Amino acid sequence: MLLPLNDDTIMSAASCLCKGGIVAFPTETVYGLGADVFNTTALARVFEVKRRPYFDPLIVHIAELSTLMRLVDYTAMDAEAIRRLKKLANTLMPGPLTLILPKLPEVPDLATGGLKTVAVRFPKHSGALALIKNSTGAVAAPSANPFGYLSPTRAEHVAEQLGNDVDIILDGGTSEIGVESTVLDLSSHLPRILRPGGVSREEIEAFIGKLDDVRPEHPHTEEPVRSFNIGQCLSPGQLKSHYAPRTKLFLLDTDFLCKEAYKRNCAYLFFNTVSFDLWKKNNPRAPLNGGHRNIFILSHNGDLRDAASNLFEKLHCIDAAAYSAIYAERAPDKGLGRAINDRLEKASNK
Ligand code: AMP
Ligand code: MG
């Protein structure tokens, strides 16, 4: 059932969550598919509807910091880790930041893929917060899309992909940030980013100092990272191929994309207008006067926030038009550009 987001529908959706239902709801990053984290039957339905493998842990969404007490085992954290947590809690939360922390035994293994840690996020979205507060206060919610496919940034994306399998879809318009949260591991000796996302490395480092540079390794395209230990913290579910459109995607540096010859049946996804103009010079005969049907630009003036918020929307649009391939330009490798490139790389590894 697709419902507009308002006070009444939030209350109905909250009561649905309390009764073990599953609800898709908007957040500032992408739409989530929520279930009460303490209800394992509801959690199992989330995995089933998404066709998500059970080893891929869910992010638990909270609406106040005090809920951390019900989820996190502080006794398993050293003083430095607690200091970092406090600092981030006071600065970047609520926001598009997910923290990996040692879990209390009460948090079901199903929610954490059997790991000893739990992923927690405090979203910055009034509708999401009201829903969480009025339900059980801790809502496990992966992105509301079939496993491996593009994340939804509008309620229509959820309705098209998961439709009747979900009890309620709350329509809160387009997600403001448009890429998923940054996943930051605070459970290991040195904090490290497991997934670049809506908060940049630079912003995090400004509050807690230098982050460990090592990114988790992905042994094979389709093979999940299964091993995990606190010392060498890997992130299951971070596959080489993910967030992928059905259409084959080639990710190219600006120079290479600008030399790519025009093909009528392909889509071109430029980072900004400057790159598009360069490419046009190399393709003087491209029939571009008819509205640039197969040309897509992430942000005309190259603004990284704007580009991130358009990324999944443009890819959904391109995928629906069934081009034979997508040629996409790599974004500048800084700030939100890292999250954009991470998603495009994963999309290109299909
Ligand atoms: P999604 O909710 O679909 O954006 O995906 C959440 C991602 O967060 C998972 O695929 C994992 O990579 C990561 N994650 C969640 N829980 C943990 C955890 N306990 N340890 C490491 N990574 C996690
Ligand atoms: Mg996801």
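Above this text sits the structure in question.
Keep in mind the model is a prediction, meaning the values are calculated, not measured.

**Examining the packing of helix α3 (residues 79-91) against helix α7 (residues 201-208)**
Axis separation between α3 and α7 bottoms out at 9 Å; the angle between their running directions is 120°. In terms of axis orientation, α3 runs oblique to α7. Two packed elements cross with a definite hand, and for α3 against α7 that hand is right-handed. Here α3 contributes Arg-83, Arg-84, Lys-87, Leu-88 and Thr-91 to the contact with α7, which in turn contributes Ile-204, Phe-207 and Ile-208. Residue composition of the contact of α3 with α7, by class: four nonpolar, one polar and three charged.

**Some details on helix α10 (residues 304-320)**
Over its 17 residues, α10 runs 25 Å from end to end, which matches the ideal 24 Å to within 8%, given 1.5 Å per residue. Along its length, α10 reaches its greatest deviation from straightness, about 40°, at Leu-311. Where α10 is concerned, the buried positions are Leu-304, Ala-307, Ala-308, Ser-309, Leu-311, Phe-312, Leu-315, His-316, Ile-318 and Asp-319. Against the buried residues of α10 lie α6 (155-161), β11 (249-252), β12 (266-270), β13 (295-297), β14 (325-329) and α11 (336-348).

**Description of the sheet that holds β14**
One open sheet accounts for four strands, arranged β11-β14-β12-β13; its pairing is parallel. Strands at the two margins of the open sheet, each flanked by one partner only, are β11 and β13. Sheet twist, expressed as the mean angle between neighbouring strand axes with direction ignored, is 20°. Summarising the sheet, β12 and β13 pair through three bridges and their orientation is parallel. Bridge assignment links Phe-270 to a residue of β13, and that residue is Ile-297. Together, β11, β12 and β14 form the strand contacts of α11, whose direction differs from that of β11 by roughly 135°.

**Considering helix α2 (residues 40-50)**
An α-helical turn contains 3.6 residues, so a residue and the one three or four places further along point in the same direction. Every buried residue belonging to α2 is among Ala-42, Leu-43, Val-46, Phe-47, Val-49 and Lys-50, and all of these are buried. Each element contacted by the buried residues of α2 is listed here: β3 (32-36), α4 (109-112) and β7 (138-140). Where α2 begins, one side-chain oxygen reaches toward the backbone nitrogen of Thr-41, 3.1 Å away; that side chain belongs to Asn-39. Directly beyond the C-terminal end of α2, a positive phi value near 55° is found at Arg-51.

**Some remarks on the packing of α10 against α11**
Across the interface, α10 lies against α11 with an axial gap of 8 Å and an inter-helix angle of 20°. Taken together, the axis directions place α10 and α11 in an arrangement best described as roughly parallel. Relative to α11, α10 is oriented so that their crossing is left-handed. Residue-level contacts link Leu-304, Arg-305, Ala-307, Ala-308, Leu-311, Phe-312 and Leu-315 of α10 to Leu-336, Gly-337, Ile-340, Arg-343 and Leu-344 of α11. Residue classes in the contact of α10 with α11 are distributed as nine nonpolar, one polar and two charged.

Definitions and limits used
- All residue numbers refer to positions counted from 1 along the written sequence of the respective chain.
- For this description, chains carry letters from A and ligands carry numbers from 1, given in the order in which they are written.
- Totals for whole chains, interfaces and linings use all residues, but because this is a predicted model, local features are given only for residues with pLDDT of at least 70 and pairs of side-chain atoms are given and counted only at 80 or more.
- Note that the side-chain values use all heavy atoms of the structure and ignore hydrogens as well as water.
- To get an axis, a line is fitted to the C-alpha atoms, and for a helix only the part in contact is used. The angle between two axes follows their N-to-C directions and goes from 0 to 180 degrees.
- By the criteria applied, helices consist of DSSP H or I runs no shorter than four residues and strands consist of E runs no shorter than two, each listed in order from the N terminus.
- Note that the term roughly parallel is reserved for angles under 35 degrees, roughly antiparallel for angles over 145, roughly perpendicular for angles of 65 to 115, and oblique for everything else.
- The sense of a crossing depends on the near helix, which, turned anticlockwise from the far helix by less than a right angle, makes the crossing left-handed and, turned clockwise, makes it right-handed.
- Any two residues whose heavy atoms approach within 4.5 Å are treated as being in contact.
- Residue type decides the class: Asp, Glu, Lys and Arg count as charged, Ala, Val, Leu, Ile, Met, Phe, Trp, Tyr, Cys and Pro as nonpolar, and the leftover types, Gly among them, as polar.
- Expected span of a helix: the number of residues minus one, times 1.5 Å.
- The angle between axes fitted to the seven residues ending at a residue and the seven residues starting there is what we call the bend at that residue.
- When a residue's accessible area, from a 1.4 Å probe over protein chains only, is under 20% of the maximum for its type it is buried; when over 50% it is exposed; and in between it is partly exposed.
- The pairing criterion for strands is at least two bridges between them, as found by DSSP.
- The term polar contact refers here to a pair of N or O atoms within 3.5 Å; inside protein, the definition further demands a hydrogen-donor-capable atom paired with an acceptor-capable atom, and it admits residues adjacent in sequence only when both atoms are side-chain atoms.

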